[in-house]
Structure formats: C-alpha cells, structure tokens
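Per-entry structural report
Each chain, written out:
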Amino acid sequence: MRLKITLFLLLFAQLAFAQTIIVLGIAQDGGFPHIGCQNECLKAHKNPNLSKYVSSLALIDEENKQWWLFDATPDMDKQLQLFRDITDEQYPYLPDGIFLTHAHIGHYTGLMFLGREALGVKEMKVYALPKMIDFLKTNGPWSQLVDLDNIDLFTLSENSAIQISDNLEVEAFTVPHRYEFSETAGFRINQKDKSTLFIPDIDKWSKWDQSIVELLRDPSINHAFLDASFYKEGELPNRAMSEVPHPFVTETIALFENEPRSIKNKIVFIHFNHTNPLLFDQRTKIQLLKKGYSIAEQGKTYK
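Summarised in this report is the structure supplied together with it. The structure displayed is predicted, hence computed values, not measured ones. (Residues numbered from 1 in each chain as written. Predicted model: local features only at pLDDT ≥ 70, side-chain atom pairs only at ≥ 80, totals over all residues. Heavy atoms only, no water.)

This paragraph deals with the state of the cysteines. Following the criterion strictly, the structure yields 1 disulfide and no others. Here Cys37 engages in a disulfide with Cys41; their sulfurs sit 2.2 Å apart. Between Cys37 and Cys41, the S-S torsion sits near 95°, and that sign places the bridge as right-handed. Cys41 carries the same exposure label as Cys37, and that label is buried. (Disulfide = S-S within 2.5 Å. Buried < 20%, exposed > 50% of the residue type's maximum accessible area, 1.4 Å probe, protein only.)

Turning our eyes to something else, we now look at the packing of aromatic side chains. Two numbers describe a pair of aromatic rings. These are the distance of the centres and the angle of the planes. Within this structure, the stated rule accounts for 15 aromatic pairs. A centroid spacing of 4.4 Å and a plane angle of 10° characterise the contact between Phe99 and Tyr127, whose relative ring orientation is stacked. Of this pair, Phe99 sits in strand E4 (residues 98–99) while Tyr127 sits in strand E5 (residues 124–128); the two residues are 28 residues apart in sequence, bridging distant segments of the chain. In terms of burial, Phe99 and Tyr127 fall into one category: buried. A connected cluster of aromatic rings, assembled from ring pairs, spans Phe70, Phe99, Tyr127, Phe154, Phe187 and Phe198. Against the face of Phe248 rests Lys204, its NZ or CZ located 3.8 Å from the ring centre. (Phe/Tyr/Trp six-rings, centres within 6.5 Å; stacked < 30°, edge-to-face > 60°. Helix = DSSP H or I, 4+ residues; strand = E, 2+ residues; numbered from the N terminus. Lys NZ or Arg CZ within 6 Å of the ring centre and 35° of its normal.)

Structure below.
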C-alpha cells in the first residue's frame with residue numbers, strides 16, 4: 001500500500017510540474033484583421049472577439065513559477081495581459097526571458113514595449129542566434145534598448161541546448177527563410193522525456209537540410225507548432241506567392257499523407273495569413289481536423 005502511494009505521488013508530481021505551453025497568438029506578422037484586408041477581416045473589425053494576435057507561445061515551468069515568451073510580437077502588450085488572465089495571475093507579469101526566431105516584424109518588434117517610452121524594464125533576457133543579436137545591437141531603436149540596459153542579450157549557439165530552469169532546456173536551430181536581416185531560428189523545447197517544436201516560419205520543407213517527417217517520428221516530440229501561413233497555391237491573387245515562400249498547408253499534409261495518425265496528431269498549425277481559410281472557414285477547419293491535424297487556438301493550453 002505504501003509503495004502504491006509513493007508511486008502515485010511520483011506520478012502526480014510529474015503531472016503537476018509538466019511543461020505547459022500556452023498559445024498567445026496564431027496570426028501571421030500583420031495579425032488578424034490585417035491592414036488593408038476588406039474581405040473576412042471586416043467581420044473581425046466589427047467583432048473584436050474574432051481578432052487574432054500574432055503568433056507567439058508562452059512556456060511555463062509550473063514547479064518553479066517561471067515562464068518564457070517565444071517571439072516578441074507587435075501584440076505583446078495585449079499578450080502579456082492574456083497570459084496574466086489565463087494563469088489567474090499566478091506568475092510574474094513579465095517573462096523570465098524572451099526567445100526570438102528572426103528579424104521580421106511580427107517576431108521581434110514587441111521589444112519596443114520594454115523601452116523608456118513604455119515599461120522601461122531593466123535587463124530583460126533576450127535569447128537569439130548570432131545574426132539576430134547583432135541586428136539588435138547595431139540598428140536603432142533596438143540598440144537603445146541595449147544601451148539603456150532594457151534588454152540583456154544572450155547569444156544562442158545553433159543546435160546547442162541551454163538550460164533555462166531545473167526542468168527545461170531550449171535548443172535553437174536554423175531553418176531556411178529569407179535572411180534579409182538575420183538568420184531564422186526554430187526552437188526545440190525539452191523537458192525530461194518529451195519535446196515541443198516551434199517553427200512558425202520556413203520557406204519550404206524541401207529547402208531544409210532536415211526531414212520534418214523524420215523529425216516528428218521521434219517519439220519524444222509530442223507537439224510541433226508548424227508554419228501554416230498559406231493554405232494553398234493561388235491564395236494571394238494579386239501577388240506572386242514565390243515572393244513570400246512558405247510551405248502550403250496542403251504541401252505539409254501531402255508530406256505526412258502516409259504517416260500514421262499518431263504522427264499527424266503531433267502537428268499544430270500556426271502563423272496563419274489573413275487569407276488562410278483555416279482562420280475563418282469552418283468547413284476547411286473540419287476537413288483538416290478529420291485528417292488528424294490540429295489548429296492552434298489562441299489561449300489554449302498544451303501539455
């Protein structure tokens with residue numbers, strides 16, 4: 001009997017202090033409704049409940065009451081409050097650190113809220129790969145955040161995990177995606193025997209030197225938040241989609257067509273452009289869910 005109680009307590013501890021991910025936004029860099037959009041966006045303009053923040057994740061260490069933000073979006077001010085509301089104020093208002101993927105506007109410009117014009121914080125830890133760190137150091141107004149000690153920069157090494165708490169480590173890796181100002185990172189978040197992937201931006205899976213299919217066959221990976229900017233070819237009628245390469249959702253589905261449902265269940269599509277019907281079309285959503293995939297939901301918790 002005592003052995004059973006001990007085993008139960010050990011199991012309870014593992015569950016109670018599990019890695020937790022909260023989705024704080026699901027839209028592409030311009031958000032939803034999107035500037036200039038006069039189609040489905042009009043409904044979101046009239047009904048704020050339909051609006052979606054730019055893609056971002058919160059990572060929680062429940063045992064140590066710590067949390068980290070993945071990407072600092074233009075919606076960061078609202079996302080910090082969303083996190084506070086969801087967690088019932090059990091955690092500090094500001095994260096213990098911010099991990100940045102790259103230098104496109106939806107992924108780092110939220111840092112502006114940390115400066116003297118807004119919060120005026122001191123030494124917020126910001127983690128990124130070398131070119132992203134250099135971009136922040138050498139370009140205003142971001143360099144002012146460095147000079148005034150609003151942010152404290154930590155350079156990540158590619159494919160090398162760093163320990164951020166007793167229970168969690170984060171590994172950055174590069175993916176091919178329009179390197180105008182910096183490299184583009186994806187992240188693998190590790191906790192004991194399970195991991196979460198975050199790849200909100202990539203040009204095409206075929207351009208990567210890794211196989212996303214092989215990667216998701218790893219039994220330790222339980223969730224993979226993957227780029228779903230566009231659903232299919234032709235989605236931007238007045239623009240060449242080759243100018244903004246992303247893997248279409250239809251292409252990702254085709255890649256995993258022959259994989260078992262247990263693999264498909266790991267995929268959580270995120271980073272939706274305002275033209276992607278997965279944002280607003282119920283029929284398209286249902287068809288995708290029936291295939292075994294998931295659609296990231298703002299405010300949803302993933303264990």
